[in-house]
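# Tertiary structure, described
Here is what each chain is made of, one letter per residue.
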Amino acid sequence: MLIITAIEAYETDIVNILKESNINAFSSTNVLGHVNNHDPHLEDNWFGNEQQDYKSMLFFAWVESEFANKAFQSIEEFNAKLESRSKIHVSILNIEQNN
């Protein structure tokens, strides 16, 4: 399973990365990210600044590892080019069972 989260500003980029990775079926939803003010590591927070709530996106897809790995690599390359502190976050999960 491929899971991607990012601020809404990257939605089109993510859709393009999925398409280029031959992932043509996926789900997405809007999510609201939150940051607590008392976080002592606020400089390291992936949202990039001190704002409290963030309009974000969550994408997921049930795909073979070949396609998930391609998307992962493309996101790594995309993030490397960004000047923003807010990056696209991606995870690949192995699913033991599903129906």
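Structure's up top.
Since this is a predicted model, take the numbers as computed values, not measurements.

What counts and what doesn't
Just so you know, the residues in each chain are numbered from 1, in the order the chain's sequence is written. Local features in this predicted model are restricted to residues of pLDDT 70 or higher, and side-chain atom pairs are both shown and tallied only at a pLDDT of 80 or more, whereas totals for entire chains, interfaces and linings draw on every residue. Water and hydrogen atoms play no part in the side-chain values, which are based on all heavy atoms of the structure. Secondary structure elements follow DSSP: runs of H or I no shorter than four residues count as helices, runs of E no shorter than two count as strands, and numbering proceeds from the N terminus. Every helix has an expected span of 1.5 Å times one less than the residues it contains. Partly exposed describes any residue whose relative accessible area lies between the buried limit of under 20% and the exposed limit of over 50%, with all areas from a 1.4 Å probe on protein chains only and scaled to the type maximum. Within this analysis, the arc is defined by the directions that extend from the helix axis to the C-beta atoms. Between two residues, a contact is recorded if the distance between any of their heavy atoms is within 4.5 Å. Any two strands between which DSSP finds at least two bridges are classified as paired. To get an axis, fit a line to the C-alpha atoms, keeping to the stretch in contact for a helix; angles then go from 0 to 180 degrees between the N-to-C directions. Nonpolar cores were defined as sets of buried Ala, Val, Leu, Ile, Met, Phe, Trp, Tyr and Cys residues, with membership established by side-chain atoms within 4.5 Å.

### Points about helix α2 (residues 65-81)
The end-to-end C-alpha distance of α2 is 25 Å, a good match for the 24 Å that 17 residues give at a rise of 1.5 Å each. Those residues of α2 that sit buried are A68, A71, S74, I75 and N79. Viewed along the axis of α2, the buried residues span an arc of 135 degrees, placing them on a single side of the element. Residues of α2 that are exposed and point over 90 degrees away from its buried face: S65, E66, A80 and K81. Looking at the buried side of α2, the elements it contacts are β1 (2-7), α1 (11-20) and β4 (89-92).

### Side note on the sheet that holds strand β3 (residues 53-61)
By way of backbone hydrogen bonds, the strands of a sheet pair with one another, either parallel or antiparallel. With respect to topology, four strands assemble into an open sheet ordered β2-β3-β1-β4, the strand pairing being antiparallel. Edge positions in the open sheet fall to β2 (27-34) and β4, since each of these has one partner strand only. If you compare each strand with its neighbour and ignore which way they point, the axes differ by 20 degrees on average. Taken strand by strand, α2 contacts β1 and β4, and its axis lies near 155 degrees from that of β4.

### Description of α1
Burial in α1 covers these residues: I14, I17 and L18. One side of α1 carries all its buried residues, which in axial view fall inside an arc of 100 degrees. Along α1, exposed side chains directed more than 90 degrees from the buried face belong to T12, K19 and E20. In the core, the buried residues of α1 are packed alongside β1, β3 and α2.

### Section: the pairing of β3
Across six bridges, the pairing between β1 and β3 is antiparallel. Among the inter-strand pairings, A6 is bridged to a residue of β3, identified as M57. As judged from the eight bridges shared by β2 and β3, these two strands associate in the antiparallel manner. Looking at β3, one finds that V31 is bridged to S56.

### Remarks on the nonpolar core
With 17 residues, the main nonpolar core has L2, I4, I14, L18 and I88 as its most contacted residues. Counting residues per element, the ones that place at least two in this core are β1, α1, β3 and α2. No other element matches β1, which puts four residues into this core. Setting aside residues up to four positions removed in sequence, I4 forms contacts with I14, L18, M57, L58, F59, I75, I88, H89 and V90.

Take it as geometry only, folks, not as evidence of what the structure does.
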